[in-house]
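As a plain string of letters, each chain reads:
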Amino acid sequence: MTDRVEEVLARAAAPIEASPDELRAMAGSRAVLSATTTEVYGTTRGFGPLAAYPADPDPRRQGLGLVSHLAVGQGEPLSPGVTRTMVWLRLRSMALGHSAVDPALWVALADQWNAGFTPVVPREGSLSASGDLVPLAHAALAAGGSGTELAWHDDAQVRAAGRLRALGLSPVVWEARTALAFVNGSSASLAQTLHNHRTLRASVRLAAAATARIVTLLGADPAPYGEPLSRVRNQPGQRSVAAWIRAALPPDGVRADSRPLQERYSLRCAPQVLGAVLDQLDAQGTILSREADGCTDNPVIVDGDVHHGGNFHAAPVALATEAHAVCAHQVALLMERQLALLIDPTVNGGLPPMLTPAPGAASGLAGVQIAAASHLARLRQLAHPASTTTIPANLENQDHTPLALNGANAVADMLERVRWIAGSLLVAVNQHTHLRPAATTGLWARLRAAIGPLDGDRPLAAAVRDAAALGLPEEG
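The model shown is predicted, which means the values in this text are computed figures rather than measured ones.

A. Highlighting helix H9 (residues 187–218). The end-to-end C-alpha distance of H9 is 46 Å, a good match for the 46 Å that 32 residues give at a rise of 1.5 Å each. For H9, the tally of buried residues reaches 28 of 32 residues, placing the bulk of the element in the interior. Phi turns positive, to about 65 degrees, at Gly-219, one or two residues after H9.

B. Broad picture of unusual backbone geometry. The residue after Asn-298, namely Pro-299, is reached through a cis peptide bond having omega -5 degrees. Position of Pro-299 among the secondary structure elements: in the loop between helix H13 (270–292) and strand S5 (300–302). Its identity is not glycine, yet Leu-355 carries a phi of approximately 55 degrees, on the positive side. Assessed through its relative accessible area of 0%, Leu-355 is described here as buried. Notably, Leu-403 is not glycine yet its phi reads approximately 55 degrees, a positive angle. Mapped onto the elements, Leu-403 comes out in the loop between helix H15 (366–382) and helix H16 (404–435).

C. Representation of the side chain of Gln-398. Mapped onto the fold, Gln-398 is located in the loop between H15 and H16. Leave out the neighbours within four places in its chain, and Gln-398 touches Leu-127, Ala-129, Ser-130, Leu-133, Ile-391, Pro-392 and Ala-393.

D. Local environment of the environment of Ile-16. Within the secondary structure layout, Ile-16 lies in the loop between helix H1 (4–11) and helix H2 (20–35). The buried category is assigned to Ile-16, whose relative accessible area is 5%. Separated by 76 residues in sequence, Ile-16 and Arg-92 place their C-alpha atoms 8.5 Å apart. Ile-16 has contacts with Trp-88, Leu-91, Arg-92, Trp-106, Ala-110, Trp-113 and Asn-114, leaving out every residue within four places of it along the chain.

Cut-offs and rules
- Residues numbered from 1 in each chain as written.
- Predicted model: local features only at pLDDT ≥ 70, side-chain atom pairs only at ≥ 80, totals over all residues.
- Heavy atoms only, no water.
- Helix = DSSP H or I, 4+ residues; strand = E, 2+ residues; numbered from the N terminus.
- Expected span 1.5 Å × (residues − 1).
- Buried < 20%, exposed > 50% of the residue type's maximum accessible area, 1.4 Å probe, protein only.
- Contact = heavy atoms within 4.5 Å.

Here you go:
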């Protein structure tokens, strides 16, 4: 399957430069706007319900006022990687030539981005309705060198104005149309969702690898992962996952131990579960990549005319991120159930309960599973669809809001718990190998070297984190 999201993220990590055609398109739409004699939202008229009133005659005051009143975000910041993707998405949308932005201002923003300037952007406060106005406003103020805003310098947060000076960059000077084009899009929610998508896809690969390892350790029947079963089911995701599992099984076959005729669903149905997630990711990846290549703004210049509408509404992103939430739960549930299987002496191949060599005197992985169950429960709380929590705002102007960034932030929190559950499962797989040695290569060899055998009870919080970092590395 083509990973369209990975293609977008790869483009978003490369230097950005407008082509001559894009610069001409930006200048052309700017000329159309300048020649327009009718009222234009945000340029000759105010913002939101205040479009009934004239705009400030000074476009710089109008633009600065827009981004200033929207800088009300709270909470932890978006990660630097997500923020850089967010700004890149705004620049790509503006470069399409439908937003009537100032080309010189676009170039100045691109110069900042290419130099590594990365604003600190609070992640809470967006309705994702007229775009992600609040987080993008913080990014805009930082780009303008506002004394209230911060920027990233490695892992530290420093004053944005000072960071610009250190990079030899000038602050941008916003004017009304370009300021509106910068904040008026789905780029914050889309950026977080793109990064969530990448992590979720990686978790599917890890879950498939863990399934193959468990099958190998238990001597389970590999038939459920055979090509014939997947072929007749006719689902491409299942075929891919089954092939990944088969490829991770020992080349000389799985040891034929005495096992039930049919394993628990968490083992036997892994291709069906993980394959369904993979198919959903493929479908959502198409939607997200289209969003990344589209123009999310209002108004827009198309075929020489100004068109007012709602291209900033992030409903496509909101529904995609809600699919991600359901998928994240499926992966987490599968891994937590596989953890339960490994510590159960009735099905774990005859090893002691909780995978402790001294049951009673020691409790082994009991605490690890207790915590994993809590992580799964919390993950389920976070999975509630954000778009069903819409609250009208802005004098009823924004009376249908998708809450896409709220949803994407919730999925990011869910995926943190997926990591913890994955780490818990990997600790159990590793302990199984310590109790019953098996050939180890790749990830399994790294785990064995990093996490020693559990001969007696000891704190395992760090082991879970270390295992999670080995299985699902954090984005840089």
